[in-house]
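The lines below spell out each chain.
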Amino acid sequence: MSLLVVGLSHRSAPVSVLERASLNADAQLKLLQDTVAAEPAAEAAVLATCNRIELYADVDKFHAGVAELSTLLAQHSGVGLEELTPHLYVHYEDRAVHHLFSVACGLDSMVVGEGQILGQIKDSLARAQDLHTAGRLLNDLFQQALRVGKRAHSETGIDRAGQSLVTFGLEQLSAGADVQRWARGKKALVIGAGSMSSLAAATLARSGVAEIVVANRTFERAERLAQILSEGDDTDVLARAVPMDSVPVELTRADVAVSCTGATGLVLTADDVAAAVEGRTGAPAVEPAATGRPAEDTAVRAAAETPLPGAGAATAGDENCPLDLSAVPSGFSVMGEAAVAGMDAATLEQHGAWAAGGTAVDRPRETGRPGPEADAELIGALAATATRVGRVPERRRPEPVAEVPRPEPVLFVLDLAMPRDVDAAVHRLAGARLVDIESLADASADAPMAADVDMVRRIVADEVAAFGAAQRAARITPTVVALRSMAAEVVAGEIARLEGRLPGLDDKHRAEITQTVKRVVDKLLHAPTVRVKQLAAEPGGAGYADALRTLFDLDQETVASVSRAGNSTTTEKNRGPA
């Protein structure tokens, strides 16, 4: 059996695909059940966060496993397999272990070094344990991932390389200003009462906001979070709970709104945010428009820039045109100003006479464009200019269009949900600033990497090697146990035969003989079994188990039963908190 992970994350898929593929709690449970029911998989665990969906499995066939896990992800996410496949990544054996350990350390997070992923890995393991889909391999893997993540955070400064997604989001909202100075005295609305919303509320409270309003579909959970915030020793924030239908009203009072719910549709529409901004400012929160020259100048410029039939195909009369038609750029009219730019006065006069000759009737013409007479008049005017300056001046490029500066935002919105809670159209509203998962991904791509990241990578590499060695050694354990069981049966059989030959043997001598035979067997088996475990821990050492089974003619079913018993014991032992 071998470890396989198939998944997609913010590194492999756009946010639009991630939010469509997101799995709620019920979908995750069904995915786990269907995975272990599939032929190639014996164990399964799902790691689903706001920016990743990964399915881990212990499979006996690689290609069949990849196909089955990919199909299951597509079925349960609702995204078609053909659309999903280009965004999927696959890791196998040691690469799969390396991936999960990197994830646990925060190296693969949108914000490098964030520690919230450890809680999500712990929840993933607990879910698999509750459904009995995690056996020896995945229990060992996820337990070790948690230990590796904790080691990385305790032994290095990886926390300095990044922050939690909430902190990073608040930094983006404050546009680089000190978050505590920016947040001090503000009123905040937190929509949702789950783990991410609770973290956001606690972070806002520590940052110095004056008031936090918590809205949630289950009012009791909102009340509980508000109570925790109010009773916190390290803050003096005023916190209260409201039902979800109060969100529009509270939005008009809030300076900052954070939303992270499990809703499948939008929680805040662009109209909701626009109404809140208008309620605060008295002015509509419309999308800023671009301004330029006066309207009449814009119309003249647009007419001048509209392409006319060009010189791509000669027509009747073209042979008399003084221009080299092959050199005239495609899309320019040989009758217009662009065609004659740079021409000397004498040639320009010839061109004017040709233009006035009426050959333009053979050319397609756009409605409302000047006729040959107007072209001739324009060329005549240009000829006068060319006489003064020696040539027709080149056309100037249109001046760049100036944008109306956006007003300072009065409402800051942080959307940490996947799929998104807040309409992306809010990005375009004046008076509001929205930071969502997609903009966080763009911003984090440019974040500097701390030197501690290299230390964490070394820790991950060492831990992957150690885990691989332990797993390879563990694979031979059932064979060694079966060998010792067989030896014990041989000893018991020989002692029984001895008692038949020596029926008068007293208990003291029988016990001494039994212990002596057992010691001889143990000494004979000790060195080879210790050595075979060492050899099996090395890469390519799996063949030693096969060698033992062949040399000692061990029953394959006996070995398998030992392995199943070990898996059952491990699952029961790990059923508690990680």
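Refer to the structure above for everything that follows.
This write-up is about the structure you can find in this document. Remember, predicted model here, so these are calculated numbers, not experimental data. (Residues numbered from 1 in each chain as written. Predicted model: local features only at pLDDT ≥ 70, side-chain atom pairs only at ≥ 80, totals over all residues. Heavy atoms only, no water.)

Take the overall build of the chain next. Across its full length, the chain carries 23 helices and twelve strands. Within the chain, buried positions represent 45% of all 578 residues. Of all intrachain contacts in the chain linking residues separated by at least 6 positions in sequence, the fraction that spans at least 24 positions is 73%. Taken as a whole, the chain presents about 28600 Å² of accessible surface, with 53% of it coming from carbon and sulfur. (Helix = DSSP H or I, 4+ residues; strand = E, 2+ residues; numbered from the N terminus. Buried < 20%, exposed > 50% of the residue type's maximum accessible area, 1.4 Å probe, protein only. Contact = heavy atoms within 4.5 Å. Areas by Shrake-Rupley, 256 points an atom, 1.4 Å probe, with all protein chains shown as cover.)

The next subject is the sheet that holds strand E1 (residues 2-9). Taking strand neighbours across the sheet as the criterion, the four strands line up as E2-E3-E1-E4 in an open arrangement whose pairing is antiparallel. With partners counted over all chains shown, the strands left at the sheet margins are strand E2 (41-49) and strand E4 (89-92), one partner each. Taken over all neighbouring pairs, the strand axes of this sheet differ in orientation by 15° on average, direction set aside. Bridge count between E1 and strand E3 (residues 52-59): eight bridges; the pairing is antiparallel. Looking across to E3, one finds that Ser2 is bridged to Val59. Across the sheet, helix H3 (residues 62-77) touches E1, E3 and E4, and the angle it forms with E1 is around 35°. (Pairing = 2+ DSSP bridges. Axes fitted to C-alpha atoms, helices over the stretch in contact; angles between N-to-C directions.)

So, on to the pairing of E2. The element E2 is largely enclosed, with a buried count of seven among its nine residues. Alignment of E2 against E3, held across eight bridges, turns out to be antiparallel. Note on E3: the bridge partner recorded for Ala44 is Ala57. Here E2 folds back onto E3, and the loop between the two strands holds two residues.

Moving on: the nonpolar core. In terms of nonpolar packing, the biggest core is built from 67 residues, with Leu8, Leu84, Leu165, Ile212, Leu229 and Leu416 touching the most fellow members. Excluding residues that lie within four positions of it along the chain, Ile212 makes contacts with Ala188, Val190, Ala201, Leu204, Ala205, Leu229, Val237, Leu238, Ala239 and Arg240. (Core = buried A, V, L, I, M, F, W, Y, C linked by side-chain atoms within 4.5 Å.)

Right, let's get into the packing of aromatic side chains. Going through the model one piece at a time under the given rule, you end up with four aromatic pairs. On the numbers, 5.4 Å between centres and 80° between planes, the contact of Tyr56 with Phe142 is edge-to-face. Here the residue Tyr56 occupies a position in strand E3, and Phe142 occupies one in helix H7 (residues 136-155), the gap between them amounting to 86 residues. Residue classification places Tyr56 among the buried residues on the basis of a relative accessible area of 0%. Here Phe142 falls in the buried class, since its relative accessible area comes to 0%. (Phe/Tyr/Trp six-rings, centres within 6.5 Å; stacked < 30°, edge-to-face > 60°.)

All chains considered together, the criterion is met by zero disulfides. With no disulfide of its own, Cys260 lies 6.9 Å from the sulfur of Cys50, the closest cysteine sulfur. Looking at Cys260, the relative accessible area reads 16%, which means it is buried. (Disulfide = S-S within 2.5 Å.)

Attention now goes to helix H14 (residues 270-281). End to end, H14 covers 16 Å across twelve residues, agreeing with the expected 16 Å (1.5 Å per residue, within 8%). If you follow the buried residues of H14, they end up packed against helix H13 (247-253), strand E11 (411-415) and strand E12 (432-435). Two residues or fewer after H14 comes Gly282, characterised by a positive phi angle close to 80°. (Expected span 1.5 Å × (residues − 1).)

With that settled, the discussion passes to the pairing of strand E6 (residues 211-216). Counting buried positions along E6 yields six of six residues, so the element is predominantly enclosed. Side chains Glu211, Val213 and Ala215 project from E6 onto one buried face, and the interleaved Ile212, Val214 and Asn216 project onto a second face that is buried too. Relative to E6, strand E5 (residues 187-191) runs parallel, the two sharing five bridges. Within E6, the residue paired with Val190 across the bridge is Val214. In this fold, the crossover linking E5 to E6 by way of helix H11 (residues 195-207) has right-handed handedness. Sheet analysis places E6 next to strand E7 (residues 238-243), joined by six bridges and oriented parallel. Bridging across to E7, Ile212 finds its partner in Ala239. (Right-handed = clockwise from strand over helix to strand, strands pointing away.)

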